[in-house]
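# Report on the structure
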Amino acid sequence: MSALIESAPGYRARHTLPLRVEFVRQLKRRRTLAMGLVLAVLPFVLIVAFAVGGTPGSRSGRVTLMDTATASAANFAATSLFVSAGFLLVVPVALFCGDTVASEASWSSLRYLLAAPVPRGRLLLSKLTVALGMSAAAMALLPLVALAAGTAAYGWGPLELPTGGSLAAADSLPRLAVVVAFIFVSQLVTAALAFWLSTTTDAPLGAVGGAVGLTIIGNVLDQVEALGNWRDLLPAHWQFAWADALQPQLEWGGMLKGSAVSVAYALVLFALAFRGFSRKDIVS
């Protein structure tokens, strides 16, 4: 049957399920709009919180990133990333990557997509590309809104560093870009886990919840000091290595190690997803 399809006049496997079509389909979904709204609103919630609670300041004699939140728009953007990187930014990644295939199965439309005919590898590649693109856009949305809102609330100025000193406003933007890029790479494990689960179940919430739950377990295990150096193998151990980008001299060591761990896990999980789906009996 597949041989007949491949030899049909005008049929090109690479032209099935174009990225533009899949992107528009996913962009119009309510969960995409809801997630974007949550991320866009968060900076304004923080501004209100600082206005009600007063200007943050150090109470222990040690200055933290949170203590400098209202120093400038750049500081506010960095603080917004700090308070959301541990959990909030995990949710859109798990949502976009875990819902993409499982939702088609739950709607009983997956088998019709494959009968279009869309090759299984092409289907997964299109959905994964769009899911990762939307995850990256979600991570970029938060600091961009925070920069705009922070400029209006606290003014445009240098990035005050918790360790002392500051970075000029023009130099702070590339540093924030490095932070966002590393957060995205560190979340590839969650993305791959959610995507793999999405190819094994017909329940989107199961894939999304499973990825978020296992990510939380990883964060808990990282707090167990008895594990010693074994914690270096946990992606969660490196999730805040981006703080090295907010130093007078940019340090790459921790971010490179964290990226290597995250990418290694992600490649294995993505491979499992493609291998398992290529052999799966699609009945929904």
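As the structure is a prediction and not an experimental result, all values here were calculated from the model.

This paragraph deals with the overall build of the protein. Counting secondary structure elements, the protein contains twelve helices and two strands. Taken across its 284 residues, the protein has 46% of its residues classed as buried. Contacts spanning at least 24 positions in sequence make up 77% of the contacts within the protein whose residues lie at least 6 apart. Element-wise, carbon and sulfur atoms account for 67% of the exposed surface of the protein, whose accessible area totals about 14000 Å².

For the rest of this paragraph, the subject is the environment of A73. Position of A73 among the secondary structure elements: in helix α4 (residues 73-85). Taking the relative accessible area as the measure of exposure, A73 reaches 0% and is therefore buried. Between the C-alpha atoms of A73 and A153, which are 80 residues apart in sequence, the distance is 7.9 Å. Those residues in contact with A73 that sit more than four places away from it in its chain are A146, L147, G150, T151, G155 and W156.

Moving on to the packing of aromatic side chains. For the coordinates displayed, the defined rule picks out six aromatic pairs. Judged by centre distance (6.3 Å) and plane angle (70°), the ring pair of F195 and F270 falls under edge-to-face. Residue F195 is found in helix α10 (residues 188-198), and its partner F270 is found in helix α12 (residues 253-279); the two are separated by 75 residues along the sequence. Ring pairing ties together the aromatic residues F50, F76 and Y154, which thus form one cluster. One Lys or Arg, R120, reaches over the ring of F277 and ends 5.8 Å from the middle of that ring.

At a minimum axis distance of 8 Å, the contact between helix α9 (residues 169-186) and α12 shows a crossing angle of 30°. On the basis of the axis angle, α9 is roughly parallel to α12. Mapping the contact onto sequence places V178, F182, V185 and S186 in α9 and M255, G258, S259, S262 and V263 in α12. Of the residues that constitute the contact of α9 with α12, the class distribution is five nonpolar, four polar and no charged.

Turning next to the pattern of salt bridges. Enumeration over the complete set of coordinates arrives at four salt bridges. What you see here is one network of salt bridges that share partners, running through E22, R25 and K127.

Moving on, we come to the packing of helix α3 (residues 30-53) against helix α8 (residues 120-154). Contact geometry for α3 and α8: axes closest at 9 Å, N-to-C directions at 30°. One finds that α3 runs roughly parallel with respect to α8. Relative to α8, α3 is oriented so that their crossing is right-handed. Contacts from T32, G36, L39, A40, L42, P43, F44, I47 and F50 of α3 reach α8 at M134, A138, L141, L142, V145, A146, A149, A153 and Y154. Of the residues that constitute the contact of α3 with α8, the class distribution is 16 nonpolar, two polar and no charged.

Conventions adopted
- Residues numbered from 1 in each chain as written.
- Predicted model: local features only at pLDDT ≥ 70, side-chain atom pairs only at ≥ 80, totals over all residues.
- Heavy atoms only, no water.
- Helix = DSSP H or I, 4+ residues; strand = E, 2+ residues; numbered from the N terminus.
- Buried < 20%, exposed > 50% of the residue type's maximum accessible area, 1.4 Å probe, protein only.
- Contact = heavy atoms within 4.5 Å.
- Areas by Shrake-Rupley, 256 points an atom, 1.4 Å probe, with all protein chains shown as cover.
- Phe/Tyr/Trp six-rings, centres within 6.5 Å; stacked < 30°, edge-to-face > 60°.
- Lys NZ or Arg CZ within 6 Å of the ring centre and 35° of its normal.
- Axes fitted to C-alpha atoms, helices over the stretch in contact; angles between N-to-C directions.
- Parallel < 35°, antiparallel > 145°, perpendicular 65-115°, else oblique.
- Nonpolar A, V, L, I, M, F, W, Y, C, P; charged D, E, K, R; others polar.
- Salt bridge = Lys/Arg side-chain N within 4 Å of Asp/Glu carboxyl O.
- Left-handed = near helix turned anticlockwise from the far one by under 90°.

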